[in-house]
Amino acid sequence: NAGVTQTPKFQVLKTGQSMTLQCAQDMNHEYMSWYRQDPGMGLRLIHYSVGAGITDQGEVPNGYNVSRSTTEDFPLRLLSAAPSQTSVYFCASREDSRPYEQYFGPGTRLTVT
Amino acid sequence: AQSVTQLGSHVSVSEGALVLLRCNYSSSVPPYLFWYVQYPNQGLQLLLKYTSAATLVKGINGFEAEFKKSETSFHLTKPSAHMSDAAEYFCAVSAPNTGNQFYFGTGTSLTVIP
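Residues numbered from 1 in each chain as written. Chains lettered and ligands numbered in written order. Predicted model: local features only at pLDDT ≥ 70, side-chain atom pairs only at ≥ 80, totals over all residues. Heavy atoms only, no water.

Within chain A, the regular secondary structure consists of zero helices and 11 strands. Secondary structure elements of chain A, listed N to C terminal, follow the sequence β-β-β-β-β-β-β-β-β-β-β. A globule of 113 residues ought to have a C-alpha radius of gyration of about 13 Å, and chain A, at 13 Å, matches this closely. By principal-axis analysis of the C-alpha atoms, chain A measures approximately 40 × 30 × 25 Å. A total of 113 residues make up chain A; the buried ones form 49% of that total. Partitioning the contacts of chain A with sequence separation of at least 6, the portion at a separation of at least 24 is 54%. On chain A, roughly 5200 Å² of surface is accessible, and the fraction owed to carbon and sulfur atoms is 49%. Between the centroid of the 9 positive side chains of chain A and the centroid of its 10 negative side chains there is a distance of 11 Å. (Helix = DSSP H or I, 4+ residues; strand = E, 2+ residues; numbered from the N terminus. Rg over C-alpha atoms; globule rule 2.2 N^0.38 Å. Buried < 20%, exposed > 50% of the residue type's maximum accessible area, 1.4 Å probe, protein only. Contact = heavy atoms within 4.5 Å. Areas by Shrake-Rupley, 256 points an atom, 1.4 Å probe, with all protein chains shown as cover. Lys, Arg positive; Asp, Glu negative; His and termini not counted. Charge placed at Lys NZ, Arg CZ, Asp CG, Glu CD.)

Within chain B one finds zero helices and 12 strands. Mapped from its N terminus to its C terminus, chain B presents α and β elements in the order β-β-β-β-β-β-β-β-β-β-β-β. On C-alpha atoms alone, chain B measures out to a radius of gyration of 14 Å, which is about the 13 Å that the 2.2 N^0.38 rule sets for 114 residues. Summarising its shape, the C-alpha atoms of chain B cover approximately 45 × 30 × 20 Å along the three principal directions. Within the span of chain B, comprising 114 residues, buried residues form 46% of the whole. By sequence separation, contacts in chain B at least 24 residues apart represent 57% of the contacts at least 6 residues apart. Carbon and sulfur atoms make up 53% of the accessible area of chain B, which amounts to about 5200 Å² in all.

Our focus in this paragraph is the sheet that holds strand β3 (residues 19-25) of chain A. All names here are of chain A. With respect to topology, four strands assemble into an open sheet ordered β1-β3-β8-β7, the strand pairing being antiparallel. Each edge of the open sheet carries a strand with a single partner, namely β1 (4-7) and β7 (64-66). Ignoring which end each strand starts from, the neighbouring axes of this sheet average 20 degrees apart. Of the strand pairs in this sheet, β7 and strand β8 (residues 76-78) are connected by three bridges, and their pairing is antiparallel. Residue pairing across strands places N65 opposite R77, the latter belonging to β8. (Pairing = 2+ DSSP bridges. Axes fitted to C-alpha atoms, helices over the stretch in contact; angles between N-to-C directions.)

To continue, consider the packing of aromatic side chains. All names here are of chain B. Counted by the stated rule, this structure contains 15 aromatic pairs over all chains. Between Y36 and F104, the aromatic rings sit 5.9 Å apart at their centres with planes inclined by 45 degrees, giving tilted as the arrangement. Residue Y36 is located in strand β5 (residues 32-38), and its partner F104 is located in strand β11 (residues 103-104); the two are separated by 68 residues in the primary sequence. You can call F104 buried: its relative accessible area is 9%. Considering the side-chain rings of F102 and F104, the 6.2 Å spacing of their centres and the 35 degrees angle between planes classify their relative orientation as tilted. Judged on exposure class, the residue F102 and its partner F104 are both buried. (Phe/Tyr/Trp six-rings, centres within 6.5 Å; stacked < 30°, edge-to-face > 60°.)

The structure is reproduced here in structure tokens:
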């Protein structure tokens, strides 16, 4: 198993550009989520999904879109990047029946200039 | 909703000394509690978790934590610090009444002084 994978590892964007952060898992987990990590703020939930076709907002959803067309993939879209979105982004997944077993991806470091 | 407070954003200890990282949580129902470690420029690694079994939880790398309901605490300890323990540590809480969403503390950066 590859676990949770994220691409790219690093990305630099200009203000106003759009991009998609990719996240995939091969563990057949129902639940997937996106967090952002900022210094002194810990990790904050952006969006999550409890299964294909179902998504919901977390604590800091503004400026981000998600969709879940398959169990394996959960991409995060920035429609018009802003410097405030400079952060490290982590994707995570878990089984619904084991809510205490959450697996994190390696992260994507995004800089918006 | 749940919340987590980590007291002390920076903690320094001498090599060989006791490590104590503090975590207090808020939850209206019995929670799951977690400690994660993050080394520079890396992802999160689970150190240990509490899932309502034994209140004293042992994790990897010699760390342990004790769930104290009366104090709403889940402090992380290690008897003897190693240089390799220098990292950022995050406490997190989740509970069934909020869909088992994870709520993270703001982190504690541990420095180990030789």
